[in-house]
Amino acid sequence: MKIFLENSENNLNVNFNLKLGELVHNFKKNDDKFQRWIYYQESFSTKLLDWFLKYENINKKNSLFLDPFCGSGSSLVGAQKNGIDAIGIDLNPLSCLISEVKTNTYKLSEIEACKNFKIPKFKKIDNVYSYYNLSIVKKIFSKKNLIKINLIKIIIKKIKNENVKKILLLNLICILEKCSNYKKGGNGIKRRKKIENLDVFVEFKKSLKIVLADIESKKSKSKCTIYNEDIKRFEDINLGNKVSFSLFSPPYVNCFDYFEVYKIELWFGDFINNYDQLKLLRKKAITSNLNADVKQKTDQIISSKLLIKTMAYLNKQKHWNKNIPNMVNLYFIEMHNFLSSLKKKIKKDSKIGIVVGNSSYQGVPVATDLILGEIAQSLGFKVKEIIVTRNNETSSQQYKKIGNLIKYIRESIIILE
Ligand SMILES: C[S@@+](CC[C@H](N)C(=O)[O-])C[C@H]1O[C@@H](n2cnc3c(N)ncnc32)[C@H](O)[C@@H]1O
């Protein structure tokens, strides 16, 4: 495995810039406008786009930016700050709402309507737990907080202006974790050890102040269009052949399931109301985790020597879940097919940056940065550089299995032209 990794690295221009690690990860900072509303897992800093513009010497005038996995809209906010029009795509309707609210332009009257939102008077609601078809709802919210969430939702639903409605709904979604007995952790949600039980009415008001202050501070009025779409259907989305640069981070093939981690927000935002709908979203997601459609059969062979070797090693191991090798293979097939259509849909001299994290299974490194680099080359892209930005922390147990190949477990930016 070592020789194949080294060969691949020698054929691609791999360099280190660990200072960029700070931008590849969005650390929740209270003064980070827009990003401070809600923490989105595996999101990057809005400043990464500023870096990319400089690095590629991109002319801001007449540029159109695309983030096909826009998540919480970090890159879109970055583009807007620079006065650049942008397009964002994401399968997760919650991500699309976050991105939309952050990048919309609002009338003064809409902001005023949000400021004038009146917190309702508390009144009992019988059987409030039965409103939600979510099995863990009783464990997650106290009865009092759940009633308060519902009372706010009742008012929001009656609002006619869509922009006002979306700001207020997102604001409610942003405080759910704070006001609950759960927290996001690892690959899912966990019960908090120490229950804070913050009050929904108080937190809603506090959060709304911050959300509106950030919206009001926005100067640029550049346009941003969001598509709630499955990237596997990218060919069908009409982008008009005007995209001139793209910087994005697809899911990493690390078993992390965005729909599991955000299921409370999806449920309470009324994006889903039963487990079948949750399952459907998971199945459409890029096959980067075991809740995705990992059992699909395919004959497609991808032109990457490193992928072929990685698959051979993975197939020899006994994994904690037998679908892991198929998941990894499907991930690269889907990414190959996406990059192939991306090439057809963007302007000829477009600049592309892809932020990816590598993983390992049973001591076998899955060097996503190198494999995607090889795939991109096979599709006719020039791989200008692979910039390693962070070495991932690892457990001593993982180190025992992987040994010196641990250096391949890292986060990088693949630069394509
Ligand atoms: C690493 S995150 C992007 C985070 C984003 N850069 C940010 O800063 O918030 C990857 C995103 O890919 C989205 N995704 C997963 N499968 C998808 C699919 N089939 N089509 C479109 N988006 C998908 C997930 O919902 C997630 O938001």
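Given the structure is predicted, the values throughout are model-derived calculations rather than measurements.

(A) Region of the structure containing the overall build of the protein. Helix and strand counts for the protein stand at 17 helices and 12 strands. Relative to its length of 417 residues, the protein is compact, with a C-alpha radius of gyration of 22 Å against a globular reference of 22 Å. With the C-alpha coordinates of the protein rotated into their principal frame, the extents come out at 65 × 50 × 40 Å. Within the span of the protein, comprising 417 residues, buried residues form 42% of the whole. Relative to all contacts within the protein whose residues are 6 or more apart in sequence, the contacts with residues 24 or more apart total 76%.

(B) Geometry of the sheet that holds strand S7 (residues 245-248). Spatially, S1-S11-S12-S8-S7-S2-S3-S6 is the arrangement adopted by the eight strands of the open sheet, whose pairing is mixed. Here the strands that pair on one side only, and so sit at the sheet edges, are strand S1 (14-16) and strand S6 (224-227). When strand polarity is set aside, the average angle formed by the axes of neighbouring strands in this sheet is 20 degrees. Sheet topology places strand S8 (residues 351-357) next to strand S12 (residues 410-416); six bridges connect them, and they run antiparallel. Each bridged residue has a counterpart across the sheet, and for Ile352 the counterpart in S12 is Leu416. This element, helix H4 (residues 74-81), spans strand S2 (64-67), strand S3 (85-89), S6 and S7 of the sheet and lies at about 175 degrees to S3.

(C) The arrangement of the site of the ligand in detail. Neighbouring the ligand are 23 residues; Ser43, Phe69, Gly71, Ser74 and Ile231 lie closest to it. Looking at the shell around the ligand residue by residue, the class counts come to 11 nonpolar, seven polar and five charged.

(D) Spatial organisation of the pairing of S3. Most of S3 sits out of view: four of its five residues are buried. Sheet topology places S2 next to S3; four bridges connect them, and they run parallel. Each residue of the ladder has a partner; that of Leu66, found in S3, is Ile87. The parallel pair S2 and S3 is bridged by H4, and the resulting crossover is right-handed.

(E) Structural detail: helix H10 (residues 200-216). With 17 residues, H10 ought to run about 24 Å at 1.5 Å a step, and its terminal C-alpha atoms sit 24 Å apart, in line with that. Those residues of H10 not exposed but buried are Val200, Phe204, Ser207, Leu208 and Val211. Around the axis of H10, the buried residues are gathered within 115 degrees of arc, so they sit on the same side. Summarising the geometry of H10, the exposed residues directed more than 90 degrees from the buried face are Lys209, Ala213 and Glu216. In this structure, the buried side of H10 is in contact with helix H6 (108-115), helix H8 (143-158) and helix H9 (162-175).

(F) Layout of the environment of Ile84. Structurally, Ile84 can be placed in the loop between H4 and S3. For the pair Ile84 and Lys61, spaced 23 residues apart in the sequence, the C-alpha separation amounts to 7.4 Å. Setting aside residues no more than four positions away along its own chain, Ile84 makes contact with Lys60, Ser63, Phe65, Ala79 and Ser222.

(G) Highlighting the packing of H8 against H9. Running from N to C, H8 and H9 point in directions that differ by 170 degrees, and their axes come no closer than 10 Å. On the basis of their axis angle, the class for H8 and H9 is roughly antiparallel. On the side of H8, the interface is formed by Ile149, Ile152, Lys153 and Ile156, while H9 contributes Lys165, Leu168, Leu169 and Leu172. Split into classes, the residues belonging to the contact of H8 with H9 amount to six nonpolar, no polar and two charged.

(H) Representation of the packing of H9 against H10 within the structure. With their axes 9 Å apart at the nearest point, H9 and H10 run at an angle of 120 degrees to one another. The angle between H9 and H10 places the two elements in the oblique class. For H9 against H10, the interelement crossing comes out right-handed. Contacts from Ile167, Asn171, Leu172, Cys174 and Ile175 in H9 reach Val200, Glu203, Phe204, Ser207, Leu208 and Val211 in H10. For the contact of H9 with H10, the residue count by class is eight nonpolar, two polar and one charged.

(I) Here's a closer look at H8. The end-to-end C-alpha separation of H8 is 23 Å, in line with the 22 Å expected for 16 residues at 1.5 Å each. All buried positions along H8 are accounted for by Asn145, Leu146, Lys148, Ile149 and Ile152. The buried residues of H8 occupy one face: seen down the axis, they fall within an arc of 160 degrees. Facing away from the buried side of H8 by over 90 degrees, the exposed positions are Lys143, Ile154, Lys157 and Lys158. Those residues of H8 that are buried are in contact with H9, H10 and helix H12 (263-268).

(J) Region of the structure containing the environment of Ile195. Looking at the secondary structure, you find Ile195 in the loop between strand S5 (188-191) and H10. In sequence terms Ile195 and Glu265 are 70 residues apart; their C-alpha atoms lie 19 Å from each other.

(K) Region of interest: the pairing of S5. In terms of strand pairing, strand S4 (residues 182-185) meets S5 through four bridges, oriented antiparallel. Within S5, the residue paired with Gly185 across the bridge is Gly188. Hairpin geometry of S4 and S5 is characterised by an intervening segment of two residues between the two adjacent antiparallel strands and by a positive phi of about 55 degrees at Gly186.

(L) Quick look at the environment of Val366. Mapping Val366 onto the fold places it in strand S10 (residues 364-366). Once you skip the residues sitting within four places of it in the chain, Val366 turns out to touch Val253, Thr310, Val328, Asn358, Ser359, Ser360 and Tyr361.

About the criteria used
Residues numbered from 1 in each chain as written. Predicted model: local features only at pLDDT ≥ 70, side-chain atom pairs only at ≥ 80, totals over all residues. Helix = DSSP H or I, 4+ residues; strand = E, 2+ residues; numbered from the N terminus. Rg over C-alpha atoms; globule rule 2.2 N^0.38 Å. Buried ≥ 20, exposed ≤ 12 C-beta atoms within 10 Å, placed from the backbone. Contact = placed C-beta atoms within 7 Å. Pairing = 2+ DSSP bridges. Axes fitted to C-alpha atoms, helices over the stretch in contact; angles between N-to-C directions. Near = placed C-beta within 6 Å. Nonpolar A, V, L, I, M, F, W, Y, C, P; charged D, E, K, R; others polar. Right-handed = clockwise from strand over helix to strand, strands pointing away. Expected span 1.5 Å × (residues − 1). Arc of directions from axis to C-beta. Parallel < 35°, antiparallel > 145°, perpendicular 65-115°, else oblique. Left-handed = near helix turned anticlockwise from the far one by under 90°.

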